[in-house]
Amino acid sequence: MSNPLEITDSGPIRTWTINLPAIGNAITGKDVIAAFETAVDAANIDTEIRAVILTGQGKIFSAGGNVKEMADKASIFGLDALDQRYAYVDSIQRIPRALGRLEVPLIAAVNGAAIGAGCDVAMMCDIRIASERASFAESFVQLGLIPGDGGTWFLQRAAGYERAAEMTLTGDRIDAATALQWGLVSRVVPHDDLLSTAHELAERIAKNPSHALRMAKRLLQESRTGSLETTLAMAAAMQPLAHRDPEHEQRIAKWKSR
C-alpha cells in the first residue's frame, strides 16, 4: 500500500496529500490516522517548516468515512455500541486532536468534493482555498449518522451557527461559490491554479519568523473560546519570548537601517 499521506517539501512549505484515490481519499483507516499524527509531530519539531498545505490526490479532496466498511460492518463499524464509543475516540477523533496541536499554519487546498469527515477536516485547517470544482457536504444525517469527529464544533466556527445547522441537518451539498459566500473558504480559484495559489499564500506566510508564526497561531486558536482576559494574559506571556527571538532582532535592525 502506498503512503496514505504523501509529504513533500518546498523550502519552508510542506505539502500533505491524502493519497487514497481508490477509496475517495477516505480518512477513517488506521494508517491514514496514524499518518496524520506522525506528520503533525514531524512538522512541530522542524522549526524550518513555516506553513503546511493539505490537499487530496485525484478528483476528490476527501469523501470522509469509508462507507463500504460501514456497509460491511468492518473495522470499528462491527463493534457493539459501547466498544464503538471508545473506538471513535481512538480512531477518527485522533485527527482533530492531532491537527489541533499543529503549531504551523495549515492551508486546505480543496481540490474537489469534501464530504462528511472530509468536509470537517477542511474546517480544521486555518485557511481554506477552494477549486471551482470543490464542493462541501456535512452529509452524516443522510446516512442516519451524526458528525462523530467534531464537525459540529468546527463547521459553525467557519460558517456561523445557522449555516452550519442548515448543512448539518439537511446533509445537502453546496458548491464552491456558495462555500465562499457562506464563509467556509477565503477564496475560490480556477482548478488549475489551486496549488499555485495555495503555495503563493504559504510563501507570504513563510516569509515571517518561525516562532512568531507559531505563537500567533496558538493565540488565534485559544482566542476562539477563551476570554479577553485569558487572551491578554497569553499575549503578555508570549510577547517577551518574541522580543528575544534573533529573527525579531534581525527584522528590527533591518527596519532601523532603512
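About the criteria used
- Along each chain, residues carry numbers from 1 onward, in the same order as the chain's sequence is written.
- The predicted origin of the model limits local features to residues at a pLDDT of at least 70 and limits the giving and counting of side-chain atom pairs to 80 or more, whereas totals for whole chains, interfaces and linings rest on all residues.
- The basis for every side-chain value is the complete set of heavy atoms in the structure, and neither hydrogens nor water enter the calculation.
- UniProt positions are given in the numbering used here, feature names are shortened, and annotations may be inferred rather than shown by experiment.
- In this scheme, a residue with accessible area under 20% of its type's maximum is buried, one over 50% is exposed, and one in between is partly exposed, where area comes from a 1.4 Å probe on protein chains only.
- The numbering of helices and of strands both runs from the N terminus, where a helix is a DSSP run of H or I of at least 4 residues and a strand a run of E of at least 2.
- This arc describes the spread of directions from the helix axis toward the C-beta atoms.
- Pairs of residues are marked as contacts when any of their non-hydrogen atoms sit within 4.5 Å.
- The start and end points of each domain follow an automatic or database-based domain assignment.
- We define buried area as the total accessible area lost by two parts upon association, computed with a 1.4 Å probe and summed across both.
- By convention in these notes, a salt bridge is any Lys or Arg side-chain nitrogen within 4 Å of a carboxyl oxygen on Asp or Glu.
- Under this definition, polar contacts are N or O atom pairs within 3.5 Å; protein pairs additionally need one hydrogen-donor-capable and one acceptor-capable atom, and for neighbouring residues in sequence, both atoms have to be side-chain atoms.
- Two strands make a pair as long as DSSP finds a minimum of two bridges between them.

The name an unreviewed UniProt entry gives the protein chain is Crotonase/enoyl-CoA hydratase family protein, with Mycobacterium vicinigordonae as the organism. In its Function (unreviewed entry) section, UniProt records this for the protein chain: "Could possibly oxidize fatty acids using specific components." In the Sequence similarities (unreviewed entry) part of its UniProt record, the protein chain is described as follows: "Belongs to the enoyl-CoA hydratase/isomerase family."

Let us look at helix H6 (residues 151–159). Of the residues making up H6, those classed as buried are Gly 151, Phe 154, Leu 155, Ala 158 and Ala 159. Within H6, the buried residues cover an arc of 105° as seen down the axis, which keeps them to one side. Buried residues along H6 sit in contact with helix H4 (94–100), helix H5 (117–123), strand E7 (127–131), helix H7 (161–170) and helix H8 (176–182).

This next bit is on the domain arrangement of the protein chain. Considered domain by domain, the protein chain is made up of domain 1 (5–207) and domain 2 (210–254). A C-alpha centroid distance of 27 Å is found between domain 1 and domain 2. Buried area between domain 1 and domain 2, summed over both chains or domains, comes out near 1200 Å², and the portion from carbon and sulfur atoms is 41%. For the domain 1 face of the interface with domain 2, the top three residues by lost area are Thr 47, Arg 50 and Glu 103, together amounting to 37%. At the boundary of domain 1 and domain 2, one finds three salt bridges. One salt bridge in this structure joins Lys 217 and Asp 126, with 2.9 Å as the shortest N-O distance. Where domain 1 packs against domain 2, one counts twelve residue pairs in polar contact (both at pLDDT 80 or more). Looking at the side of domain 1 that touches domain 2, the elements with two or more residues in it are helix H1 (30–45) and H6.

The next point concerns the pairing of strand E2 (residues 13–18). Side-chain positions along a regular strand alternate between the two faces of the sheet. Of all six residues in E2, six are buried, a share of seventy percent or more. Here E2 shows no split at all, with Ile 13, Thr 15 and Thr 17 on one side and Arg 14, Trp 16 and Ile 18 on the other all buried. Relative to E2, strand E1 (residues 5–10) runs antiparallel, the two being bridged by six bridges. In the strand pairing of E2, Leu 5 is matched with Ile 18.

Here we come to unusual backbone geometry. Of note in this structure, Asn 25 is not a glycine but carries a positive phi near 55°. Secondary-structure assignment places Asn 25 in the loop between E2 and H1. Exposure remark for Asn 25: the relative accessible area of 0% places this residue in the buried category.

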